[in-house]
Amino acid sequence: MTHWTLAARAEKMNPSVIREILKVTEKPGIISLAGGLPSPKTFPVHEFAAACATVLTHDGQSALQYAASEGYPALREAVAQWLPWDVDPAQVLITTGSQQGLDLVAKVLADKDSRVLVETPTYLGALQAFTPMEPRIVSVASDDEGPLVEDFVAQAGGSADRARFMYLLPNFQNPTGRTMSEERRAALSARAAELGIPLVEDNPYGDLWFDQPPPAPMTARNPDGCIYLGSFSKVLAPGLRLGYVVAPKAIYPKLLQAKQAADLHTPSFNQRIVAEVLKDGFLDRHVPTIRTLYRQQRDAMLAALEREMAGLGVSWNRPAGGMFLWVRLPEGLNAIELLPAAVERNVAFVPGAAFYADHGDPRTLRLSFVTASAAQIDIAIAALAATIRARLERQG
C-alpha cells in the first residue's frame, strides 16, 4: 500500500470556506448571497466574441504559442496607462488572476515563522495563499476607516522579527465593504515608510465606486515601498483568470522567477483578447454600467435590511462601492450555527469568522449584493430575518 507523506506546508492548507458554501448553494431554490461572484450581466460577451475573431485572424499563431513570463507587452502597457500614478510597463507582471499575485508575494517574502500583518478582518483567499509559507499572520486592529496606525506600529516588530509586509485592501474591502479614509492612508503610508515595512495593496474592487472615486492608492504615495495587485475579474470577467502585479524594480525579478516556476506564463490567448477589448477606452465606457447596476443592488439590499431587520438587534454598514456588505448579529447568535437554518429557508451567506487571522467574531457575516436580483434580495433578506427571529425566540 502506497504511503503518502505530506509536506508540513500541505498539512496547513485548508479548503476555502466560501467554496464549500458554494456547493451548498447549488441546491435548487437557494438564493445565494454568499459567493463573491461578479454579476454575469456585466460580462461583455459581444466584445469578447469580436476580439477572439480579431486575435485569431490577425495574430492566431502567436496567441496560441508559449509567451514571455512577464506578460503580453500591449497588455502591460494598457495596465500602466490605466493606473492613476506613473507606472513603467516594465514593472507590470501579468498573473493568472490576482490570487496568483498573492501566492507569488508569499513565496518571495514570507518564511516560516516570519511576521506578516493583515487587517481585521481580511480576505480569506490571502490567508489561504500566505499560510503554506508558514508565517506568523498577525492581525492589526481595525475600525471603519481601516487598520489603526498605532496598532500597526505596535505589531510591526523590530530587528530580526520586523514584519515582512502588511497586506491591505483599502477599497471596498472583502469582506467588510469598508474603504480606508484619506487620512488613514496618508498616516499608515508614512509610518510604513519610516519603519521600512513594505505594503502589499490588493485592489480588485477600486473601480467599482458608486458616488465618488476612493482616495489615491497607497502605492501611489510610495511606489518603491509597495506591491500593487489588480484584476480584470471584476471589470471584465473572472473566467479569464487575468490579474497583474506592479512591483518595485528591487523585488520584480524575484516575483518573475516565482511566476516562471509556477506556470511559465499566463495564457497568451487570454492576454491578447483583453488587450484587444481594452483598445479605444472600452473600460471608460463599460465600468460605469457595472457601477450603476451594483449601486441599485446595494440600495435594494439596504432597503430590505431596514425593512426586515427592524427590532432584531442586527447591525450593518453602507459600503460606498464594491460587492459586499458586513452584518453583525445580536448578542448570543453565531453565524456558523445560523447558516444551516438559513439554508433551510433557501438563503445562504458567508459566516464572518473565516475572514479573521485569529479570534474571529462569530456574530459577523458577509452578504454579496451583486448576483441576486432586487426581487431575490427582498426574498432572501426576509428569509434571513425570519431565521434570526426564530433563533432569538428559541433563546427566549
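In this numbering scheme, every chain counts its residues from 1 along its sequence in written order. Predicted model: local features are reported for residues with pLDDT of at least 70 only, side-chain atom pairs are reported and counted for 80 or more only, and whole-chain, interface and lining totals are derived from all residues. Note that the side-chain values use all heavy atoms of the structure and ignore hydrogens as well as water.

Student: Would you mind showing me how to read the overall build of the protein chain here?
Tutor: The helix and strand labels rest on DSSP assignments: H or I over at least four residues marks a helix, E over at least two residues marks a strand, and numbering proceeds from the N terminus. Helix and strand counts for the protein chain stand at 14 helices and 15 strands. Restricting the calculation to C-alpha atoms gives the radius of gyration, and the globule rule supplies 2.2 Å times the number of residues raised to the power 0.38. For a compact globule of 396 residues, the expected C-alpha radius of gyration is about 21 Å, and the protein chain comes in at 21 Å, within 12% of that figure. Principal-axis analysis of the C-alpha atoms gives the protein chain an extent of 65 × 60 × 55 Å. Throughout, a contact is declared for two residues whenever any of their heavy atoms are within 4.5 Å. Taking the intrachain contacts of the protein chain between residues at least 6 apart in sequence as the baseline, contacts between residues at least 24 apart amount to 76%.

Student: Sorry, what's going on with the sheet that holds strand E9 (residues 226-231) here?
Tutor: With respect to topology, seven strands assemble into an open sheet ordered E2-E10-E9-E8-E7-E3-E4, the strand pairing being mixed. Two strands close off the open sheet at either side, each with one partner strand: strand E2 (92-95) and strand E4 (136-139). Neighbour-to-neighbour, the strand axes of this sheet turn through a mean angle of 20 degrees, independent of strand direction. Pairing geometry for strand E3 (residues 115-118) and strand E7 (residues 165-168), over three bridges, is parallel. Residue pairing across strands places Val116 opposite Phe165, the latter belonging to E7. Any two strands with at least two DSSP bridges between them are considered paired. Axis lines are fitted to C-alpha atoms, over the contacting stretch for helices. Their N-to-C directions set the angle, which ranges from 0 to 180 degrees.

Student: Quick question: what am I supposed to make of the packing of aromatic side chains here?
Tutor: The relative placement of two aromatic rings is captured by the distance of their centres and the angle of their planes. Classification of ring pairs uses Phe, Tyr and Trp, with its six-membered ring standing for Trp, and accepts pairs whose centres are within 6.5 Å; under 30 degrees between planes counts as stacked, over 60 as edge-to-face, and the remaining range as tilted. For the structure shown, the criterion picks out seven aromatic pairs. Ring pairing ties together the aromatic residues Phe130, Phe165 and Tyr167, which thus form one cluster.

Student: Where do I start with the environment of Ala354 in this structure?
Tutor: Within the element layout of this structure, Ala354 appears in the loop between strand E14 (350-351) and strand E15 (364-368). Accessibility here uses a 1.4 Å probe with only protein chains present; expressed as a share of the type maximum, an area under 20% marks a residue as buried, one over 50% as exposed, and anything in between as partly exposed. Exposure remark for Ala354: the relative accessible area of 22% places this residue in the partly exposed category. As for Ala354 and Tyr66, which are separated by 288 residues in sequence, their C-alpha atoms are 38 Å apart.

Student: So what exactly am I meant to see when it comes to the sheet that holds strand E12 (residues 324-328) here?
Tutor: To summarise the sheet geometry, strands pair through backbone hydrogen bonds and adopt either a parallel or an antiparallel arrangement. Within the open sheet, the four strands sit side by side as E11-E12-E15-E14. Their pairing is antiparallel. Across the chains shown, the open sheet's two edge strands, defined by having one partner strand only, are strand E11 (315-316) and E14. Pairing geometry for E11 and E12, over two bridges, is antiparallel. Bridged to Ser315 within E12 is Arg328.

Student: What exactly am I supposed to notice about the nonpolar core here?
Tutor: One recurring pattern in soluble globular proteins: nonpolar side chains tend to sit buried together. Phe232 and Leu236 are the most contacted members of the largest nonpolar core, which totals 79 residues. The element contributing the most residues to this core is helix H12 (residues 282-308), with eleven residues. Setting aside chain neighbours within four positions, we find Leu236 in contact with Thr42, Phe43, Pro44, Phe48, Val274, Val277, Leu278, Phe282, Leu283 and His286. Of all hydrophobic cores here, the second largest spans 27 residues; its members include Ala129, Tyr252, Leu256 and Ala258. Grouping buried Ala, Val, Leu, Ile, Met, Phe, Trp, Tyr and Cys residues that are joined through side-chain atoms within 4.5 Å yields what is termed a nonpolar core.

Student: Would you explain unusual backbone geometry in this entry?
Tutor: One can expect most non-glycine residues to show negative phi and most peptide bonds to be in trans. A cis amide bond links Thr120 to the next residue, Pro121, at an omega of -10 degrees. Position of Pro121 among the secondary structure elements: in the loop between E3 and helix H6 (124-130). Of the consecutive residues Asn174 and Pro175, the connecting peptide bond is found in the cis state with omega at 25 degrees. Look at Asp113: it is not a glycine, yet its phi comes out positive at around 70 degrees. Mapped onto the elements of the fold, Asp113 is located in the loop between helix H5 (98-109) and E3. At Leu264, a residue that is not glycine, the phi angle is positive and equals roughly 65 degrees. The residue Leu264 is located in the loop between helix H10 (252-263) and helix H11 (268-278) in this model.

Student: I keep staring at the environment of Ile273 and nothing clicks. Help me out?
Tutor: In this fold, Ile273 is placed in helix H11. Sequence separation of Ile273 and Ala63 is 210 residues, and the distance between their C-alpha atoms is 8.9 Å. For Ile273, the residues in contact, after removing those within four places along its chain, are Phe48, Ala51, Cys52 and Val55.

Student: What exactly am I supposed to notice about helix H14 (residues 374-395) here?
Tutor: Every α-helical turn comprises 3.6 residues, leaving residues that sit three or four positions apart pointing alike. Each helix should span, by expectation, one fewer than its residue count multiplied by 1.5 Å. Taking 1.5 Å per residue as the helical rise, H14 with its 22 residues ought to reach 32 Å, and the 32 Å between its terminal C-alpha atoms agrees with that figure. Of the residues making up H14, those classed as buried are Ile377, Ala380, Ile381, Ala383, Leu384, Ala385, Thr387, Ile388 and Arg391.

Student: It is not clear to me how the pattern of salt bridges should be interpreted in this structure. Could you clarify?
Tutor: When the charged atoms of two side chains lie near each other, side chains of opposite charge can form a pair. We define a salt bridge as a contact between a side-chain nitrogen of Lys or Arg and a carboxyl oxygen of Asp or Glu at a distance within 4 Å. Within the structure shown, the criterion is met by 20 salt bridges. One salt bridge connects Lys259 with Asp263, and the closest N-O pair in it is separated by 3.1 Å. Here the residue Lys259 and the residue Asp263 both occupy positions in helix H10, the gap between them amounting to four residues, near one helical turn. For Lys259, a relative accessible area of 0% corresponds to the buried category. Each of Arg115, Arg136 and Asp161 takes part in salt bridges that share partners, so that together they form one network.

Student: Hey, could you run me through the environment of Val92 in this one?
Tutor: Here Val92 is to be found in strand E2. Along the backbone, Val92 and Ala250 are 158 residues apart, and their C-alpha atoms lie at a distance of 13 Å. When near neighbours in sequence (up to four residues on either side) are disregarded, Val92 contacts Glu70, Arg76, Val79, Ala80, Val87, Tyr244, Val245, Val246 and Tyr252.

Student: How should H11 be read in this particular structure?
Tutor: With respect to burial, H11 is a largely interior element, nine of its eleven residues being buried. Against helix H3 (45-63), helix H4 (73-82), E2 and H12 lie the buried residues of H11. After H11 finishes, the residue Asp280 shows a positive phi value of roughly 65 degrees.

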